[in-house]
Amino acid sequence: MKPTLKPTLLFNLLIAGAFIVPMASQAQDTSPAALIETFSLEAGRAGDATAGQAFFLATHSGGKPDTPSCTTCHTMDPTKNGQARTGKVIEPMASSVNPARFTDSGKITKWFRRNCNSVLGRECTPGEKADVLAWLSSL
Amino acid sequence: MYRLMALVAFAAISFLSPALVSAQDATPSPEAQFTEECSACHLAYPAFFLPKESWSAIMNTLPDHFGEDASLDDGALKAIEGYLVKHAARSNRRAFRKYDLETAPPLRITELGWFTHEHDHEVSRSAKKRAGSMSNCAACHRGAERGYFDDD
């Protein structure tokens, strides 16, 4: 009986390794709800969809002159395609029509950093992020 | 029993090891990173259109990239710069002769002499309007994503 122990352990480790390692490196590592929760906790308040809508549709100052609003690229209607300034299509932002949205934590971090800096000239606050995601995932 | 387990373990290794290898290889190749990161806002412009000095200058000013923030983390930045420099046009090509590549390399393909020459006469105003920007190569060149520009 004794010798079975080793291979079983090896086998279990193999199985565990094969499953856990890809999970850790997978792109789809989060969800809109999980992100809203994280940002809400950081902000110390719940995400507010109405505030998120106002923020997203507003014309801001302080950023780069060609990009005064989130709608410059994402349009006024997040259930529709947007367009980068070079003409390239941007898939809809509303997670109801584009389920791939807000499921990759690296992507969220990168684009909030870039787009908030382009539009506002600063990072978005956790509260603003929670609000925007609350709106975009409620449409 | 021991042999059965060993067999199963062996089968598992051979079956799952590709998954393990690709998982360990989680950082995509420099070329894959270039294609992923540099095609988000426009097509990933082929490296062979600009000399390495231009690519380095572009990669070192990404937070203010043609009026947008296109910043990257350091790992991706270095990998992509390496890829572009490796596949860049030769710096001594005639197209770049009028530039001081060390201090003021061209940052656009669309500003190069051959580009304006090739496009000023042959491209109708309506086609330009439809494309929105001459930087939107794919609007007119259907093969642009694959690096083909003489298809039309």
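A brief structural summary. (Residues numbered from 1 in each chain as written. Chains lettered and ligands numbered in written order. Predicted model: local features only at pLDDT ≥ 70, side-chain atom pairs only at ≥ 80, totals over all residues. Heavy atoms only, no water.)

**Details of the layout of surface pockets**
All names here are of chain B.
Thought 1: When its volume is computed, the second largest pocket comes out at roughly 240 Å³.
Thought 2: As for the second largest pocket, its lining consists of 15 residues, and the residues nearest its centre are Phe34, Ala44, Pro46, Tyr83 and Glu145.
Thought 3: For the lining of the second largest pocket, the element with the most residues is helix α2 (residues 30–38), which contributes three residues.
Thought 4: For the lining of the second largest pocket, the residue count by class is eight nonpolar, four polar and three charged. (1 Å grid on protein atoms, 1.4 Å probe; cavity = no way out; pocket = protein on both sides within 12 Å on 5 of 7 lines; lining within 4 Å. Points joined across faces, edges and corners; volume = space filled by probe spheres on them. Helix = DSSP H or I, 4+ residues; strand = E, 2+ residues; numbered from the N terminus. Nonpolar A, V, L, I, M, F, W, Y, C, P; charged D, E, K, R; others polar.)

**What to know about the packing of aromatic side chains**
Residue and element names in this part refer to chain B.
Thought 1: Under the definition given, this model contains seven aromatic pairs over all chains.
Thought 2: Aromatic pair Phe34 and Tyr83: ring centres 5.0 Å apart, planes at 25°, arrangement stacked. One end of the pair, Phe34, is in helix α2; the other, Tyr83, is in helix α4 (residues 74–86), and 49 residues separate them in sequence.
Thought 3: Owing to a relative accessible area of 14%, Tyr83 belongs among the buried residues under this scheme. (Phe/Tyr/Trp six-rings, centres within 6.5 Å; stacked < 30°, edge-to-face > 60°. Buried < 20%, exposed > 50% of the residue type's maximum accessible area, 1.4 Å probe, protein only.)

**Let's talk about the pattern of salt bridges**
Thought 1: On inspection of all chains with the given rule, the structure shows ten salt bridges over all chains.
Thought 2: With a shortest N-O distance of 3.5 Å, Asp64(B) and Lys64(A) are connected by a salt bridge. Of this pair, Asp64(B) sits in the loop between α3 (52–59) and α4 while Lys64(A) sits in the loop between α3 (49–57) and α4 (71–74), placing the two residues on different chains.
Thought 3: Of the charged contacts in the structure, one is a salt bridge between Lys52(B) and Glu53(B), with a shortest N-O distance of 3.6 Å. (Salt bridge = Lys/Arg side-chain N within 4 Å of Asp/Glu carboxyl O.)

**As for α4(B)**
Residues and elements named next belong to chain B.
Thought 1: The end-to-end C-alpha separation of α4 is 18 Å, in line with the 18 Å expected for 13 residues at 1.5 Å each.
Thought 2: Turning to α4, its buried residues number three or more, namely Ala76, Leu77, Ala79, Ile80, Glu81, Tyr83 and Leu84.
Thought 3: In the core, the buried residues of α4 are packed alongside α2 and α3.
Thought 4: At the N-terminal boundary of α4, the capping side chain belongs to Asp73, with an oxygen 3.1 Å from the backbone nitrogen of Gly75. (Expected span 1.5 Å × (residues − 1). Contact = heavy atoms within 4.5 Å. Polar contact = N/O pair within 3.5 Å; in protein donor to acceptor, adjacent residues only side chain to side chain.)

**Regarding unusual backbone geometry**
Thought 1: The backbone of Phe102(A) shows a phi angle near 55°, a positive value even though the residue is not glycine.
Thought 2: For Phe102(A), a relative accessible area of 8% gives the class buried.

**Quick notes on the state of the cysteines**
Thought 1: All chains considered together, the criterion is met by one disulfide over all chains.
Thought 2: Across a sulfur-sulfur distance of 2.0 Å, Cys116(A) and Cys124(A) are joined as a disulfide pair. Handedness of the Cys116(A)-Cys124(A) disulfide follows from its S-S torsion of about -95°: it is left-handed.
Thought 3: Judged by relative accessible area, Cys124(A) falls into the buried class, the value being 6%.
Thought 4: In this structure Cys73(A) is a free cysteine whose sulfur lies 7.5 Å from that of Cys41(B), the closest cysteine sulfur available.
Thought 5: With no disulfide partner, Cys140(B) has as its closest neighbouring cysteine sulfur the one in Cys137(B), 8.7 Å distant. (Disulfide = S-S within 2.5 Å.)

So, to be careful, I would describe these as geometric facts and stop short of saying anything about function.
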